[in-house]
Amino acid sequence: MVRRDEMRDGERAVATPPATDAGLVFIGRIHTPWQDRMECPRQGRADGPLCQIVIDDVWKDALKDIELYDRLEILYWLHRSRRDLVWQSPKSDGTTRGTFSLRSPVRPNPIGTSVVFVERVEGTTLFVRGLDCLDETPVIDIKPARESFVPLAPPTPGDAMTNA
Ligand code: SAM
């Protein structure tokens, strides 16, 4: 994993295909104490610093009922990452792992996810713990944490399908 866009012994980059427009819309920004990737935690922790997820006003109605969940899954765009490494050396010792066997920020589509612990919601600002990203990181999506969510829509036939 690289932290300042450097390449380490054994790492491999590829010429990335041209980006296609997936139509992503950033819905807000995350505010954390970290201005430099070298300071960020590698993964957030439940007792980490209180951070703010500020959602753009246009999406305020989408926050209805958010307080039903004290754990949310946040998807964010690790906007300062390089995107071309296929082998990475997290230990900087010449040994490498493939990008898809890591949670490194360096990936073809630099999406980060964290389950955060919600302390409170004020208007369009969520006060949470458990993040690991730079200040001003764009937000892609917010969902209830998987383990605390039960689908509200009626089941489909596929829900009952097993491997039999
Ligand atoms: N928790 C997420 C996940 O597992 O998908 C992200 C984990 S990633 C290892 C966290 C690291 O990404 C941080 O330690 C920091 O080095 C880097 N990082 C954080 N915010 C970033 C940003 N906006 N752009 C690029 N790199 C970032």
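Above this note sits the structure.
Now for a look at the structure at hand. (Residues numbered from 1 in each chain as written. Predicted model: local features only at pLDDT ≥ 70, side-chain atom pairs only at ≥ 80, totals over all residues. Heavy atoms only, no water.)

Turning to its location among the elements, D132 is positioned in the loop between β8 (125-129) and β9 (137-144). Spatially, the C-alpha atom of D132 lies 26 Å from that of D9, the residues being 123 residues apart in sequence. Looking at D132, its side chain comes within polar contact range of the main-chain nitrogen of G44, at 3.4 Å. A polar side-chain atom of D132 sits 2.6 Å from a polar atom in the side chain of Y76. (Helix = DSSP H or I, 4+ residues; strand = E, 2+ residues; numbered from the N terminus. Polar contact = N/O pair within 3.5 Å; in protein donor to acceptor, adjacent residues only side chain to side chain.)

Residues V14, V86 and W87 make up a contiguous nonpolar surface patch of about 230 Å² in total accessible area. By secondary structure assignment, the location of V86 is in strand β5 (residues 85-88). Take V86: its relative accessible area is 31%, and that puts it in the partly exposed class. (Patch = residues over 30% accessible without salt bridge, like charges linked within 9 Å, V, L, I, M, F, W, Y side chains within 5 Å. Areas by Shrake-Rupley, 256 points an atom, 1.4 Å probe, with all protein chains shown as cover. Salt bridge = Lys/Arg side-chain N within 4 Å of Asp/Glu carboxyl O. Buried < 20%, exposed > 50% of the residue type's maximum accessible area, 1.4 Å probe, protein only.)

Around the ligand there are 20 residues in total, and R3, P41, Q43, R103 and D132 lie nearest to it. Within the side chain of Y76, an N or O atom sits 3.3 Å from a nitrogen atom of the ligand. D132 is positioned such that a nitrogen or oxygen atom in its side chain is 2.5 Å from a nitrogen atom of the ligand. The element best represented in the shell around the ligand is strand β7 (residues 111-122), accounting for three residues. Looking at the shell around the ligand residue by residue, the class counts come to seven nonpolar, seven polar and six charged. (Near = heavy atom within 4 Å. Nonpolar A, V, L, I, M, F, W, Y, C, P; charged D, E, K, R; others polar.)

All right, on to unusual backbone geometry then. Positioned with a positive phi, D65 is a non-glycine residue whose angle comes to about 75°. Secondary-structure assignment places D65 in the loop between β3 (51-55) and β4 (71-77). Here the phi dihedral of S92 falls at roughly 55°; this positive angle occurs in a residue that is not glycine. Relative to the helices and strands, S92 is located in the loop between β5 and β6 (97-98). S92 sits in the partly exposed class, given a relative accessible area of 46%.

Under the definition given, this model contains two aromatic pairs. For the ring pair F26 and W77, a centre distance of 6.4 Å and an interplane angle of 45° mean the geometry is tilted. Placement of the pair is F26 in the loop between β1 (12-13) and β2 (28-31) and W77 in strand β4, with a sequence separation of 51 residues. Overall, W77 belongs to the buried group, its relative accessible area being 14%. Geometrically, the ring pair formed by Y69 and F149 is tilted, given 6.3 Å between the ring centres and 45° between the ring planes. Of the two residues, Y69 sits in the loop between β3 and β4 while F149 sits in the segment after β9, which places them 80 residues apart along the sequence. Residue placement shows R12 over the ring face of W87; its charged tip is 3.8 Å from the ring centre. Over the face of the ring belonging to F127 we find R120, whose NZ or CZ atom lies 3.9 Å from the ring centre. (Phe/Tyr/Trp six-rings, centres within 6.5 Å; stacked < 30°, edge-to-face > 60°. Lys NZ or Arg CZ within 6 Å of the ring centre and 35° of its normal.)

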